[in-house]
Amino acid sequence: MTTAPTTAPAQGTTEIQDAGHVDVLIVGAGVSGIGAAHHLRDKFPDRTFVILDAQDNRGGTWWTHQYPGVRSDSDLFTYGYRFKPWRGPSIAAGGAILDYLDEVIKDDGLEAYIRYQHRVTSASWSTEDRRWTVGVTRGDTGEQLRFTASFLWMCQGYYNHAKPYRPQWEGLDRFQGVLVHPQRWPEDLDLAGKRVVVIGSGATAATLIPAIAAEAEHVTMLQRSPSYFFAPPTTHELAVMLEPVGLPDEWTHEIMRRQYTTQYHWLARTSLDAPDEIHAFLMEAIRPLLPEGFDIDKHFTPHYRPWQQRIAIVPDGDLFAALREGKASIVTDTIETFTEHGITVSSGEEIPADIVVTATGFNLSVFGDVAFTVDGEEVDFTERVTWRGVMISGVPNMAYTFGYFRHSWTLRVDLVCDLVERLLSHMQDMGTTMVVPTLRPQDKDMRIRPWSDPENFNAGYVMRSQDILFKQGDREPWIHMLEHDEELEVLPKADLDDGSLVYR
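Residues numbered from 1 in each chain as written. Predicted model: local features only at pLDDT ≥ 70, side-chain atom pairs only at ≥ 80, totals over all residues. Heavy atoms only, no water.

How do you make sense of the environment of Ala 353 when you look at a structure like this?
Structurally, the position occupied by Ala 353 is in the loop between strand 16 (350-352) and strand 17 (355-358). When the C-alpha atoms of Ala 353 and Glu 237 are compared, they prove to be 40 Å apart, with 116 residues separating the residues in sequence. Contact partners of Ala 353, with chain neighbours within four places excluded, come to Phe 175, Arg 195, Val 197, His 341 and Gly 342. (Helix = DSSP H or I, 4+ residues; strand = E, 2+ residues; numbered from the N terminus. Contact = heavy atoms within 4.5 Å.)

Help me out: how do you make sense of the nonpolar core in this one?
In globular proteins that are soluble, nonpolar side chains generally tend to be buried together. Counting 144 residues, the largest nonpolar core has Leu 25, Ile 26, Leu 152, Phe 367, Phe 372, Phe 381 and Met 398 as the members making the most contacts within it. If one sorts the elements of this core by residue count, helix 11 (residues 409-430) sits on top with 11 residues. Contact partners of Leu 152, with chain neighbours within four places excluded, come to Leu 25, Val 27, Ala 123, Trp 132, Val 134, Phe 372, Asn 397, Met 398 and Ala 399. Counting residues in hydrophobic clusters, the runner-up holds 15 residues, among them Leu 222, Val 331, Ile 343 and Val 356. (Core = buried A, V, L, I, M, F, W, Y, C linked by side-chain atoms within 4.5 Å. Buried < 20%, exposed > 50% of the residue type's maximum accessible area, 1.4 Å probe, protein only.)

Please explain the packing of aromatic side chains as it appears in this structure.
What describes a pair of aromatic rings is the distance from one ring centre to the other and the angle between the planes of the rings. Throughout the structure, instances matching the rule amount to 38 aromatic pairs. Look at Trp 62 and Tyr 79: their rings are 6.0 Å apart centre to centre, the planes differ by 90°, and that puts the pair in the edge-to-face class. A residue pair is termed long-range when its members are at least 10 positions apart, and Trp 62 in helix 2 (residues 61-64) and Tyr 79 in helix 3 (residues 76-79) qualify at 17 residues. In this structure Trp 62 comes out as buried when scored by relative accessible area, which is 9%. Relative accessible area serves as the criterion here: at 11%, Tyr 79 is assigned to the buried category. Both rings, one in Tyr 158 and one in Phe 362, keep their centres 5.6 Å apart while their planes meet at 90°; by these two values the pair is edge-to-face. Taken as a pair, Tyr 158 in the loop between strand 7 (144-154) and strand 8 (178-180) and Phe 362 in the loop between strand 17 and strand 18 (371-374) lie far apart in primary sequence, 204 residues in all. (Phe/Tyr/Trp six-rings, centres within 6.5 Å; stacked < 30°, edge-to-face > 60°.)

Would you mind showing me how to read the environment of Ile 278 here?
Position of Ile 278 among the secondary structure elements: in helix 8 (residues 275-286). In this structure the C-alpha to C-alpha distance between Ile 278 and Arg 305, which are 27 residues apart in sequence, comes to 8.8 Å. Not counting the four nearest positions on each side in its chain, Ile 278 is found in contact with Trp 266, Leu 267, Thr 270, Ser 271 and Pro 306.

I'm lost on helix 11 in this one. Help?
For an α-helix, the turn length of 3.6 residues means that residues three or four places apart are oriented alike. Under the 1.5 Å per step criterion, the end-to-end length of helix 11 is 32 Å for 22 residues, consistent within 8% with the ideal 32 Å. Burial of helix 11 is extensive: 17 of the 22 residues sit out of reach of the surface. In the stretch just after helix 11, Gly 431 is the one whose phi turns positive, near 75°. (Expected span 1.5 Å × (residues − 1).)

Sorry if this is basic, but what is going on with the environment of Val 385 here?
With respect to the element layout, Val 385 can be found in the loop between strand 19 (377-378) and strand 20 (386-387). Linking Val 385 and Trp 132, residues 253 residues apart in sequence, is a C-alpha distance of 21 Å. Dropping the residues within four chain positions of it, Val 385 is found in contact with Met 391, Ile 392, Ser 393, Leu 439, Ile 448, Lys 471, Gln 472 and Trp 478.

How should I be thinking about the pattern of salt bridges in this particular structure?
Pairs may arise between side chains of opposite charge once their charged atoms sit close together. Tallying each qualifying case throughout the model produces 24 salt bridges. Residue Asp 498 is joined to Arg 440 by a salt bridge in which the shortest nitrogen-to-oxygen separation is 3.6 Å. A residue pair is termed long-range when its members are at least 10 positions apart, and Asp 498 in the loop between helix 13 (484-490) and strand 24 (501-503) and Arg 440 in the loop between strand 23 (435-437) and helix 12 (460-463) qualify at 58 residues. Assessed through its relative accessible area of 23%, Asp 498 is described here as partly exposed. For Glu 489, the salt bridge is made with Lys 493, and the minimal N-O distance between the two is 3.4 Å. Judged by relative accessible area, Lys 493 falls into the exposed class, the value being 64%. By sharing partners, the salt bridges in this structure join Arg 440, Asp 443, Asp 445, Asp 474, Arg 475 and Asp 498 into a single network. (Salt bridge = Lys/Arg side-chain N within 4 Å of Asp/Glu carboxyl O.)

This is the structure:
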């Protein structure tokens, strides 16, 4: 068995160099961090800031994932920022999204503020000094740096970019082919004439399979259980109608954002209120796209209700086209063992494979696995609760950005930025330098709930990481994972003086 190569971390000295002080330190130069920087510059042009990112370029997930066909599984009119019109098709390739982020960086002059290959390893708060001390390791030189900041904004995303999730299967060491994870796609991988098995049935598998089906001899999607799929057009019919009208980009962007958010709100609500209706809708939408006689019950009927996990988007039904053309097939079964030349599943069938792609998901990471301390005491996030999905109880002057599971991630980025801006302005008006989310007397008996309620969202990567994540309560402001239509009302009106935030 051979695997894609990985790069060993650079070795450096242990001497710590002082890298200076900023008002706000942003961790992550992906969609969340770039959005935060834009809002910060727009609202507080006199405040100093820096953006640190462990990778060697911008983009976060769009830089990590460079496998064939990588694309958005949300529309770009809502995945794009509200302040920056999206001008392309509704569903876009990863490269187009990076180009869009480059435009934002250029427009705002952010390049000078971004430090690549700067991995944050520790963050220590001092109440006496009213500042964070942030330890950083440079990936290119191995140098150890020390930044200080008055406010810390964690925008690093929610999964581990360096260590993807890969189950340990029986017989894996016997496999003589190539084993690849989409997070570590080798540039020189030759697919021509190869038999490829893609393990998984989520967005990555749905994206990758049609992209490689034409080159490979055959691609098999091996899934333990089915996912929901939806096949919208790459370009929304409303966008097609608006194009010849010649509207300003800002108008088209706003019209399409409203169109998509209305659709998302209906889908999310109906999935809860009438899941059978949505199930029937999704099944009937894909039925005519499948080969005649295809076993839709076995291969495309999930064991959970719609939107309890993400719905995989298949623009223009390209995955189903690969199935109809015989370039791809689906096996729904569990893996018994790897063999020298393929995979044997529980039914006894052996699926031949020259290349196996483990599109098995990722591992969640709590704030980038940074070691946090507050006044010398280690922060155990499993004992903390969220404040509106933006701050953490007992952790001063720290906000984090986390997007939506059911809607576009960036819809929440803008809302979180608004709330953080309002909080910073409130502190400035009050003349305070420290804010700490703190349970009030009426919250002491609050029922503590897991990070994600399985009845609400139960994707595998979430369920297997519950034990390392912070918690939520049973009442505002100690809850999160509200739907976008709810947060449109709740977050802009969030009371910053209800006693849940203590200012000093």
